[in-house]
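Chains, contacts and geometry: an overview
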Amino acid sequence: MIDIQLLRTNLDAAVAPLAARGYAFPREAFLALEAERKEIQTRTQELQAARNAQAKRIGQAKAKGEDAGALMAESGAINARLGKLEQTLAQTQERLRQFLDGIPNLPHESVPQGTSAQDNVEQRRWGSPRAFDFPPKDHVDIGAALGMLDFETAAKLAGARFVVMRAGLARLHRSLAQFMLDVHTQEHGYTETYVPYMVSGECANGVSSLAKFRDDLFKLEGRDLYLIPTAEYPVTNFVRDEIVPLESLPLKFVCHSPCFRSEAGASGKDTRGMIRQHQFDKVELVQIVRPEDSYRCHEELTAHAETILKKLALPYRTVVLCSGDMGFSSAKTYDIEVWLPGQNAYREISSCSNFEAFQARRMQARFRNEKGKPELVHTLNGSGLAVGRTLVAILENYQNADGSITVPHALRPYMGGAEKITRA
RNA sequence: GGAGAGAUGGCAGAGUGGUCGAAUGCGGCAGACUCGAAAUCUGUUGUACCCAUCGGGUACCGGGGGUUCGAAUCCCUCUCUCUCCGCCA
């Protein structure tokens, strides 16, 4: 949720950055709605004050044993007008709330302007793509040859965009999650969490706009519950409607969870393999921090995610998303893209965002500042990393000419010491 | 699933129709005392919004709805918590 005070006091300061991310702010409509709300609210409150004063007089009269009949008749007249006004006010405020609900976050000043992914700006590269002395396969072919990656059986069970893993690859997948959790808890200071895999509509609306993105989520029939599209949903909501003590910040949580996405807008996109699935595992990093720290923490969190790729010796590059390519709630986002020999391209494996107070305002997540006053926290999150895509990256980068997979050194302790995954 | 009890400020806890945004205690903050601290004493201490220079007003006692001139208080409903029984990984 954008800060309505900013819109009231300095509308231009919001309109221009929003235009940069492709959002045309309906200036006249907003001003008219605000003026209407203000007028109705003032009139309503005046009438409420009159009603309260009248009720007090009635109480005093009755206490003295006087007849309050005339006073009570006046009250009736006030209430008749007040009832209608209160209803109108509620409707106007709801319209305003819905309007605000649909406005995306303002991009940070350091975010490059642009309209699409082509305008994203590379920040750094790490590692160099391996030179193969045989034609590298993509992960689908590698997994099928191993007999460990099975999309046909998954389709029989649940349809397209699911996968069944077996044997060495299933274990590799599990090992990756364990490895990531261990690194983030032991080396980066995150607290491991276990959370519900479904959340209420209220929680979903806390991190993004449910009205706008409802179709991207799987909803449970007949209940106000959604399967989480990322652990960001439950974990960030830890602090919803809370005022946390100053000294508890920063809060740093890591959570391994399955993620469920309807991929409603992605039909025909990445249909091959496990790049884009309805269900995938992810290790998510979430930080709840003081506002003045959030951009430093954003750099740190991104580095935490990159550490995993370094330890796995997977080449990657980090890009900053341009204003037109950012998510709804984000003020600034880095995407980390891993090298995939099978696609001969860098592909997103992590997205690290600073939401500033945008989510905190929606969630009413606050801390008590030095002066003892409640103030909105800043929230950040990032994938550290997407487990399924990391598995894909390992298959493609660590494949051998004989169809086997070399296990990265960092994962061997989790794989019972195995150095290779081979067909049984 | 059945029966019962409950939800009030940062915390504990009073308040069962009007003078209650809410007693009291603890905690926090400021001051006094002290070389300093502890103890003690004094004051102060919710959030959001509206109008206005000081200041005034409105809403909020788990959520929503209702009764009433007037609701923390009465009624309905939902959610959650606790106790007992049943069931269960």
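Note: the structure precedes this text.
**Digging into the side chain of Ser 404**
Summarising the element assignment, Ser 404 is placed in the loop between helix 13 (387–397) and strand 16 (405–406). A polar contact is formed between the side chain of Ser 404 and the side chain of Asp 402, at a distance of 2.7 Å. Those residues within four positions of Ser 404 in sequence are excluded, and the remaining contacts are Tyr 398, Gln 399, Lys 420, Ile 421 and Thr 422.

**Here we look at the protein's contact with RNA strand B**
Lining the immediate environment of RNA strand B, one finds 21 residues, of which Lys 38, Gln 41, Gln 48, Arg 51 and Ala 55 sit closest. Protein-proximal atoms of RNA strand B, defined as those within 4 Å of the protein, fall in sugar or phosphate at a share of 72%. With respect to RNA strand B, the side chain of Arg 51 contributes an N or O atom lying 2.8 Å from a phosphate oxygen. Within the contact set of RNA strand B, a phosphate oxygen lies 3.5 Å away from a side-chain nitrogen or oxygen of Lys 373. Taken together, the elements giving at least two residues each to the surface near RNA strand B come down to helix 1 (4–9), helix 3 (27–63) and helix 4 (69–101). In terms of residues, the surface near RNA strand B owes the most to one element, helix 3, which gives 13 residues.

**Observations concerning the pairing of strand 10 (residues 316–320)**
With respect to burial, strand 10 is a largely interior element, four of its five residues being buried. The pairing of strand 1 (residues 121–126) with strand 10 spans five bridges and is antiparallel. Considered in strand 10, the bridge of Arg 125 is made with Arg 317. Two elements, strand 10 and strand 11 (residues 332–340), share five bridges in a ladder whose sense is antiparallel. Note on strand 11: the bridge partner recorded for Val 319 is Asp 335.

**Some thoughts on the packing of aromatic side chains**
Tallied over the full model, the rule gives 11 aromatic pairs. Ring centres 5.8 Å apart and planes at 20 degrees place the aromatic pair Trp 126 and Tyr 316 in the stacked group. With a gap of 190 residues between them, Trp 126 in strand 1 and Tyr 316 in strand 10 connect regions that are remote in the sequence. Taking 6.0 Å as the distance between ring centres and 75 degrees as the angle between the ring planes, the aromatic pair formed by Phe 179 and Tyr 414 counts as edge-to-face. Taken as a pair, Phe 179 in helix 7 (residues 167–186) and Tyr 414 in the loop between strand 16 and strand 17 (420–421) lie far apart in primary sequence, 235 residues in all. Note on Phe 179: relative accessible area 4%, which makes it buried. The exposure class assigned to Tyr 414 is partly exposed, which follows from its relative accessible area of 21%. Linked through ring pairs, Phe 25, Phe 30 and Phe 99 together constitute an aromatic cluster. It is Arg 124 that lies over the ring of Tyr 334; its NZ or CZ is 6.0 Å from the centre.

**A few points about the pairing of strand 11**
Successive side chains on a regular strand alternate, one facing one side of the sheet and the next facing the other. By the criterion of burial, strand 11 is predominantly enclosed, with nine of the nine residues buried. Along strand 11, one buried face is formed by Lys 332, Tyr 334, Ile 336, Val 338 and Leu 340 and the opposite face, lined by Thr 333, Asp 335, Glu 337 and Trp 339, is buried too. Alignment of strand 11 against strand 12 (residues 345–354), held across nine bridges, turns out to be antiparallel. Residue pairing for strand 12: Glu 337 is matched across the bridge by Glu 348. In this structure, the hairpin formed by strand 11 and strand 12 is closed by a connection of four residues, where Asn 344 is found at a positive phi of approximately 55 degrees.

**Notes on unusual backbone geometry**
A negative phi angle is the norm for most residues apart from glycine, just as the trans form is the norm for most peptide bonds. That bond from Leu 249 to Pro 250 is cis: its omega, 0 degrees, falls within 30 degrees of zero. Mapped onto the elements, Pro 250 comes out in the loop between strand 7 (243–244) and strand 8 (251–260). Note the cis peptide between Gly 384 and Leu 385, where omega equals 15 degrees. With respect to the helices, strands and loops of the structure, Leu 385 is situated in strand 15 (residues 378–386). One non-glycine residue with positive phi stands out, namely Gln 364, at about 55 degrees. Secondary-structure assignment places Gln 364 in the loop between helix 12 (358–363) and strand 13 (366–368).

**Quick word on the environment of Met 363**
Positionally, Met 363 belongs in helix 12. With relative accessibility at 1%, the residue Met 363 sits in the buried group. Spatially, the C-alpha atoms of Met 363 and Gly 206 are 4.8 Å apart, while their sequence positions differ by 157 residues. Beyond its immediate sequence surroundings of up to four residues, Met 363 is in contact with Gly 206, Thr 236, Asn 237, Val 239, Arg 240, Asp 241 and Thr 379.

Calculation criteria
- Residues numbered from 1 in each chain as written.
- Chains lettered and ligands numbered in written order.
- Predicted model: local features only at pLDDT ≥ 70, side-chain atom pairs only at ≥ 80, totals over all residues.
- Heavy atoms only, no water.
- Helix = DSSP H or I, 4+ residues; strand = E, 2+ residues; numbered from the N terminus.
- Polar contact = N/O pair within 3.5 Å; in protein donor to acceptor, adjacent residues only side chain to side chain.
- Contact = heavy atoms within 4.5 Å.
- Near = heavy atom within 4 Å.
- Buried < 20%, exposed > 50% of the residue type's maximum accessible area, 1.4 Å probe, protein only.
- Pairing = 2+ DSSP bridges.
- Phe/Tyr/Trp six-rings, centres within 6.5 Å; stacked < 30°, edge-to-face > 60°.
- Lys NZ or Arg CZ within 6 Å of the ring centre and 35° of its normal.

Note that every value here comes from positions in space, so none of it alone points to a role or purpose.
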